[in-house]
Amino acid sequence: MRQFLPCVLASLCLMTAGACPVTPLDGTQMTLQAQSTDAAAEITSAILTETQQVLERRAQRMGLTQVSVAIVGSNQLQVQLAGDVDVEQVSRVLTTTAHLSFQTQMPGTEADLTALRFHQMELLSSNPDSTLLEENRGAIEALFEPSGLTGAQVEGAVAQPNAYGSATVQVDFDDLGAEQFTEITQQLAGTGQSLGIFLDGQLLSSPTVDLAYAETGITGGSAVISGILSLEAAQELAIQLQSQALPVAVEMIAVETVMLTPECD
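Description of the structure in this document.

Concerning the packing of aromatic side chains
Working step 1: What the rule picks out here adds up to 4 aromatic pairs.
Working step 2: Taking the centre distance of 6.5 Å and the plane angle of 75° together, the rings of Phe-102 and Phe-181 count as edge-to-face. Linking Phe-102 in strand β5 (residues 100-105) with Phe-181 in helix α6 (residues 175-188), this pair joins segments that are 79 residues apart in sequence.
Working step 3: For Phe-181, a relative accessible area of 5% puts it in the buried group.
Working step 4: Ring centres of Phe-173 and Phe-181 lie 5.4 Å apart, and the angle between their planes is 40°; on these two criteria the pair is classed as tilted. Comparing Phe-173 with Phe-181 shows no difference in burial state: the two are buried.

Some words on the sheet that holds β5
Working step 1: With antiparallel pairing, 4 strands are arranged side by side in an open sheet as β6-β5-β9-β10. Unpaired on one side and paired on the other, β6 (144-150) and β10 (202-205) mark the two borders of the sheet. Each strand of the sheet is rotated relative to its neighbour by a mean of 45°, with strand direction disregarded.
Working step 2: Note that β5 and β6 share 5 bridges and pair antiparallel.

Quick word on a negative patch on the surface
Working step 1: Residues Glu-155, Asp-175, Glu-179 and Glu-183 make up a contiguous surface patch of negative charge.
Working step 2: Here the negative patch takes 3 residues from α6, the largest share from any one element.
Working step 3: With respect to the helices and strands, the residue Asp-175 is situated in helix α6.
Working step 4: According to the relative accessible area criterion, Asp-175 is exposed, its value standing at 70%.

Concerning the side chain of Asn-136
Working step 1: Note on placement: Asn-136 falls in helix α5 (residues 130-141).
Working step 2: Residue classification places Asn-136 among the buried residues on the basis of a relative accessible area of 3%.
Working step 3: Of the polar contacts made by the side chain of Asn-136, one reaches the backbone oxygen of Leu-116; its length is 3.1 Å.
Working step 4: Sequence-distant contacts of Asn-136, that is, excluding residues within four places in its chain, are made with Leu-116, His-119, Gln-120 and Leu-123.

With respect to the packing of helix α4 (residues 110-125) against α5
Working step 1: Between α4 and α5, whose axes approach to 10 Å, the crossing angle comes to 160°. When the axis of α4 is compared with that of α5, the two are roughly antiparallel. Here α4 runs over α5; the crossing is left-handed. Facing Leu-113, Leu-116, Arg-117, His-119, Gln-120, Leu-123 and Leu-124 of α4, the residues of α5 in contact are Leu-132, Leu-133, Asn-136, Ala-139 and Ile-140.
Working step 2: Along the lines of polarity and charge, the residues of the contact of α4 with α5 split into 8 nonpolar, 3 polar and 1 charged.

Some remarks on the environment of Ser-147
Working step 1: Looking at the element boundaries, Ser-147 is found in strand β6.
Working step 2: Residue classification places Ser-147 among the partly exposed positions, given a relative accessible area of 24%.
Working step 3: Setting aside residues up to four positions removed in sequence, Ser-147 forms contacts with Phe-102, Gln-103, Thr-104 and Ile-184.
Working step 4: Here the side chain of Ser-147 touches Leu-149 through a polar contact of 3.2 Å, landing on its backbone nitrogen.

What counts as what
- Residues numbered from 1 in each chain as written.
- Predicted model: local features only at pLDDT ≥ 70, side-chain atom pairs only at ≥ 80, totals over all residues.
- Heavy atoms only, no water.
- Phe/Tyr/Trp six-rings, centres within 6.5 Å; stacked < 30°, edge-to-face > 60°.
- Helix = DSSP H or I, 4+ residues; strand = E, 2+ residues; numbered from the N terminus.
- Buried < 20%, exposed > 50% of the residue type's maximum accessible area, 1.4 Å probe, protein only.
- Pairing = 2+ DSSP bridges.
- Axes fitted to C-alpha atoms, helices over the stretch in contact; angles between N-to-C directions.
- Patch = residues over 30% accessible without salt bridge, like charges linked within 9 Å, V, L, I, M, F, W, Y side chains within 5 Å.
- Areas by Shrake-Rupley, 256 points an atom, 1.4 Å probe, with all protein chains shown as cover.
- Salt bridge = Lys/Arg side-chain N within 4 Å of Asp/Glu carboxyl O.
- Lys, Arg positive; Asp, Glu negative; His and termini not counted.
- Charge placed at Lys NZ, Arg CZ, Asp CG, Glu CD.
- Polar contact = N/O pair within 3.5 Å; in protein donor to acceptor, adjacent residues only side chain to side chain.
- Contact = heavy atoms within 4.5 Å.
- Parallel < 35°, antiparallel > 145°, perpendicular 65-115°, else oblique.
- Left-handed = near helix turned anticlockwise from the far one by under 90°.
- Nonpolar A, V, L, I, M, F, W, Y, C, P; charged D, E, K, R; others polar.

Dropping the structure here:
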C-alpha cells in the first residue's frame, strides 16, 4: 500500500534537494487505541502488528488504495487516508472487532429465545438504555453453546441483496470449517433448535435446520447470514469477515484533516 509522510514544512513538501518532486494531498488521519481484554491482557508488539495487518486488509477490501497504517507508541495505530473518504463508514469497518461464531441452541430454550428476541425489538424501538440491551444480548447468548466453528474458518464472504429490501452475506468456509458446518447442521436437523450466528457476542440470525438434512447435514461449505438491514451493512460485514477479526478491540480517539506527502517510489 502507498505510504504517506505528514506534511509539516511547505517547502519540504514540494521538493527536497536530490529528491523526486511530490504533490501534497488532502487527507484524513485517524488515531486508534488498542484496548486490552481478558483474552489479551497486555498489548504486545505482536498484537499491534497483527492489528495493523488486519486494518490494512480491510482498507484494501474497501477499495482505499491510498492508505497508510502505522504503529505509534505502545498501544496506538495511526491510519492516514488520502482524498475524500466517508470517515464514518471507514471508522465502522476498521474498528468493529468482527469475532464471528456459530453456536448451537440448548434444548428446551425455544420459548425463552422467542421472548428475548421480542423484548429486544421492543427495546430497540423505544430508544433504549444501552445497559438493558447489553443484558438482553447476554441473556440470548446464554441460551447457546459454542460449536467450535468461528470466523477463523471463513475463506470468503459475499454480500447480496434480496427480494425483501434487506441483504444477506454468504460465508464460505475452508475445508475444516465445511466439515464442521456439516456436522453441526446434521446434529441440529429436525430438532427445532437453531444455529446461532453471532458477531462480537450479538446474535445476527438464528436459522433452524430442516429434518431433510438429518442424514447428511448441509454440505457445500457455505452458510448464509440473513436479516441484515441494508446492502451497505452487509458489504461492511463481508469486508470484516474476509479480513479476519481484530486480535483486540480498538477505539477511535482522534480524527483530523491533514496534508499528506506520498513517498517516492
